[in-house]
Amino acid sequence: MTQPIPFERPLESPSAGPAADVALGPTGRPMPLFPEPGPVAEHGRARVIAMCNQKGGVGKTTTTINLGASLAEFGRRVLLVDFDPQGSLSVGLGLNPHEMDLTIYNLLMDREVTLDDVVVPSGIPGMDLLPSNIDLSAAEVQLVHEVAREQTLQRVLAPALDRYDVVLIDCQPSLGLLTVNALTASDGVIVPLECEYFALRGVALLKTTIDKVRERLNPKLEIDGVLGTMFDGRTLHSREVMERLVSAWGDKVFHTVIRRTVKFSDATVAGEPITSYASSSTGAEAYRQLAKEVLTRWPAA
């Protein structure tokens, strides 16, 4: 599965058939209409989602911030977990990594530190953050000698499950011990995938890791979906990658895709989600639609 993926370009466009009148979405499938999420009568019983891909720069942090903010707009109580030593999620929400007294590292390594000591408001109503900085890189080395080292994050996140509806974990771009911790603590995985050829090649290795974690550590783990990011429908390459993605993953691929726009970079510099920085932009609407699609995929419980 890690061999180069051939692309076959048809010499002619397929002839229009009876289904030619059906409006197709960017994934080449009919675009369904996702219902508006209803209110939540009772908060708690959080679903924990790992935002995971060992390739960097595919949109994990951007998706964590903006999907979380969109879910909060729909009345869900959301906790974002920055589980990357680079601390991009924390920086993307306006925090200075050098001014943090307590981070997720302290929560993992010091049993005297509680969840309430570390959680900070994100600036978005209904959304909180467990911040991170470079200190977290030491945890990967120190956890090696711990008993049940793969369950450490699951243990420290347990008190949050009754307070939040959704916990989104922004994983680092690797398949090391921190990522295994995130997968062990999660109910589902969302795989952001840049619509670019090299991004496709590493997904097989990620799928193997997820299968191993499900088999050995976390039987309930499932792939909630694969999200195409940085999509440019004007280029043949993006369309071919999307076609290959759908043929390999089928219905696991979200109908929603995230297109390229400079507004994402601007929102990061401003330290806030695109849903508040540029509320009416195409990027904000895409993440609101993704939030609706994600909620339709999750079990009713």
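Coordinates for the structure precede this section.
Residues numbered from 1 in each chain as written. Predicted model: local features only at pLDDT ≥ 70, side-chain atom pairs only at ≥ 80, totals over all residues. Heavy atoms only, no water.

Remarks on the sheet that holds strand E8 (residues 253-259)
The strands that make up a sheet are held in pairs by hydrogen bonds between backbone atoms, and each pair lies either parallel or antiparallel.
Inference 1: In spatial order, the strands read E3-E4-E2-E5-E1-E6-E7-E8; together these eight strands make up an open sheet with mixed pairing. Each edge of the open sheet carries a strand with a single partner, namely strand E3 (120-121) and E8.
Inference 2: Note: strand E2 (residues 78-83) against strand E5 (residues 166-171), six bridges, orientation parallel. When the sheet's bridge partners are listed, Val 78 is paired in E5 with Val 166. (Pairing = 2+ DSSP bridges. Helix = DSSP H or I, 4+ residues; strand = E, 2+ residues; numbered from the N terminus.)

Details of the side chain of Asn 133
Inference 1: Counting through the fold element by element, Asn 133 comes out in the loop between strand E4 (127-130) and helix H5 (136-142).
Inference 2: Judged by its relative accessible area of 8%, Asn 133 is buried.
Inference 3: With residues up to four places along the chain from it excluded, the contact list for Asn 133 reads Pro 85, Pro 97, Met 100 and Thr 103. (Buried < 20%, exposed > 50% of the residue type's maximum accessible area, 1.4 Å probe, protein only. Contact = heavy atoms within 4.5 Å.)

So, the packing of helix H1 (residues 60-73) against helix H13 (residues 282-297)
Packed helix pairs are specified by the crossing angle of their axes together with the interaxial distance, meaning the distance between the axes.
Inference 1: Where H1 meets H13, the axes come as close as 8 Å, and the angle between the chain directions of the two elements is 75°. Taken together, the axes of H1 and H13 lie roughly perpendicular to each other. Only Tyr 287, Arg 288, Leu 290, Ala 291, Val 294 and Leu 295 of H13 make contact with H1, whose side of the interface consists of Thr 62, Thr 63, Asn 66, Leu 67, Ser 70, Leu 71 and Glu 73.
Inference 2: Split by residue class, the contact of H1 with H13 holds seven nonpolar, four polar and two charged. (Axes fitted to C-alpha atoms, helices over the stretch in contact; angles between N-to-C directions. Parallel < 35°, antiparallel > 145°, perpendicular 65-115°, else oblique. Nonpolar A, V, L, I, M, F, W, Y, C, P; charged D, E, K, R; others polar.)

Quick look at the pattern of salt bridges
Pairs may arise between side chains of opposite charge once their charged atoms sit close together.
Inference 1: Scanning the entire structure with this criterion turns up 15 salt bridges.
Inference 2: Arg 214 is the partner of Asp 211 in a salt bridge, and the nearest nitrogen-oxygen pair spans 2.8 Å. Linking Asp 211 with Arg 214, this pair stays in helix H9 (residues 203-216), spanning three residues, or about one helical turn.
Inference 3: Here Arg 214 falls in the partly exposed class, since its relative accessible area comes to 27%.
Inference 4: The salt bridge partner of Asp 232 is Arg 234, with a shortest N-O separation of 2.9 Å.
Inference 5: Note on Asp 232: relative accessible area 16%, which makes it buried. (Salt bridge = Lys/Arg side-chain N within 4 Å of Asp/Glu carboxyl O.)

So, the nonpolar core
Inference 1: Val 81, Phe 83, Ile 104, Leu 130, Leu 153 and Ile 169 are the most contacted members of the largest nonpolar core, which totals 54 residues.
Inference 2: Top contributing element to this core by residue count: helix H7 (residues 177-185), with six residues.
Inference 3: The contact partners of Leu 130, leaving out residues within four places of it in the chain, are Leu 79, Leu 80, Val 81, Asp 82, Ile 104, Leu 107, Leu 115, Val 118, Val 119 and Leu 157.
Inference 4: Counting 33 residues, the second largest nonpolar core, distinct from the first, contains Met 127, Leu 168, Ile 190 and Trp 298. (Core = buried A, V, L, I, M, F, W, Y, C linked by side-chain atoms within 4.5 Å.)

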